[in-house]
Every structure is written in structure tokens, then in C-alpha cells.
Amino acid sequence: METIVAIVASALALAFVIWLWIIVPMNMAQNRNRSGLIWVLISIVGSPLLAILLLYALGDAPSAQEA
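Just so it is clear, the structure is predicted and the values come from calculations on it, not from any experiment.

**Q** I'm lost on the overall build of the protein in this one. Help?
**A** Across its full length, the protein holds 3 helices and 0 strands. In sequence order, the secondary structure elements of the protein are arranged as α-α-α. For the protein, whose C-alpha radius of gyration is 16 Å, the value lies well above the compact-globule estimate of 11 Å for 67 residues. Across its three principal axes, the protein shows a C-alpha extent of roughly 60 × 20 × 15 Å. For the protein, the residues scored as buried account for 22% of the 67 residues in total. Once local pairs closer than 6 in sequence are excluded, the contacts in the protein between residues at least 24 apart make up 49%.

**Q** Is there a simple way to think about the packing of helix H2 (residues 36–45) against helix H3 (residues 48–58) in this case?
**A** Two packed helices can be described by the angle between their axes and the distance between those axes. Running from N to C, H2 and H3 point in directions that differ by 135°, and their axes come no closer than 6 Å. Put simply, H2 runs oblique to H3. Contact residues: H2 offers Trp-39, Ile-42 and Ser-43, while H3 offers Pro-48, Ala-51, Leu-54, Leu-55 and Leu-58. In the contact of H2 with H3, the residues fall into 7 nonpolar, 1 polar and no charged.

**Q** How should the packing of helix H1 (residues 2–31) against H3 be read in this particular structure?
**A** Running from amino to carboxyl end, H1 crosses H3 at an angle of 10°, the nearest separation of the two axes being 10 Å. Relative to H3, the element H1 lies roughly parallel. Taking contact as the criterion, the partners of Leu-20, Trp-21, Val-24, Pro-25, Met-28 and Ala-29 in H1 are, on H3, Pro-48, Ala-51, Ile-52, Leu-55 and Tyr-56. Of the residues assigned to the contact of H1 with H3, the class counts are 11 nonpolar, no polar and no charged.

**Q** Honestly, the nonpolar core in this entry has me stumped. Any pointers?
**A** One recurring pattern in soluble globular proteins is that nonpolar side chains are buried together. Listed in full, the 7 residues of the largest apolar core are Val-24, Met-28, Ala-29, Trp-39, Ala-51, Ile-52 and Leu-55. The set of elements that each furnish at least two residues to this core consists of H1 and H3.

So, how was this worked out
- Counting starts from 1 at the beginning of each chain's written sequence and moves along it residue by residue.
- Local features in a predicted model are, by the rule used here, given only for residues with pLDDT of at least 70; side-chain atom pairs are given and counted only at 80 or more, and totals for whole chains, interfaces and linings are based on all residues.
- The basis for every side-chain value is the complete set of heavy atoms in the structure, and neither hydrogens nor water enter the calculation.
- The way it works is that DSSP assigns letters per residue, a run of H or I at least four long becomes a helix, a run of E at least two long becomes a strand, and they are numbered from the N terminus.
- Radius of gyration here is computed from C-alpha atoms only, and the compact-globule reference equals 2.2 Å multiplied by the residue count raised to the power 0.38.
- Working definition: with a 1.4 Å probe on protein chains only, accessible area under 20% of the residue-type maximum means buried, over 50% means exposed, and in between means partly exposed.
- Contact between two residues is taken to exist if any of their heavy atoms lie within 4.5 Å; hydrogens are not considered.
- For helices, the fitted axis covers only the stretch in contact; all axes are lines through C-alpha atoms, and the angles between them, taken along N-to-C directions, range from 0 to 180 degrees.
- Between 65 and 115 degrees an angle is taken as roughly perpendicular, under 35 as roughly parallel, over 145 as roughly antiparallel, and anywhere else as oblique.
- Ten residue types, Ala, Val, Leu, Ile, Met, Phe, Trp, Tyr, Cys and Pro, are classed as nonpolar, four, Asp, Glu, Lys and Arg, as charged, and the remainder, Gly among them, as polar.
- What is meant by a nonpolar core is a set of buried Ala, Val, Leu, Ile, Met, Phe, Trp, Tyr and Cys residues, joined one to another through side-chain atoms within 4.5 Å.

Function-wise, these values are silent; they only describe arrangement.
Given below as C-alpha cells:
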């Protein structure tokens, strides 16, 4: 029984890490017309909090029509 609880807890922890480090920055970047891959790499190399705060601070990327 303890093994099952440990496996479930580990799976939940892994899902949370994947969500925080990959899915959140990627979705935020894509919603702001920025490259999701670049921001996932920033999240992995730096930290997810850094990537999230930078995305909030930078806001939407200018579109090609505005430039």
C-alpha cells in the first residue's frame, strides 16, 4: 500500500513540474504571439517563475503588421 501511495505521489509531482516548467510558459508565450519553444527553454535554464514574470512584463509581441 505504501508503494502505491509513493508512486501516485511521484506521478502527481511529475505532472505538476511538467505543467509549471513547460505548459504554463508555452501557453503564455503563444497567447502573447511569442515563441513557445524559446520560453520553455528560458523556463528550464532559468526558472519557471522568471519566464512567467518576464512574459507578464513584456506583454504582447508586436504583430508583423504593426512593425
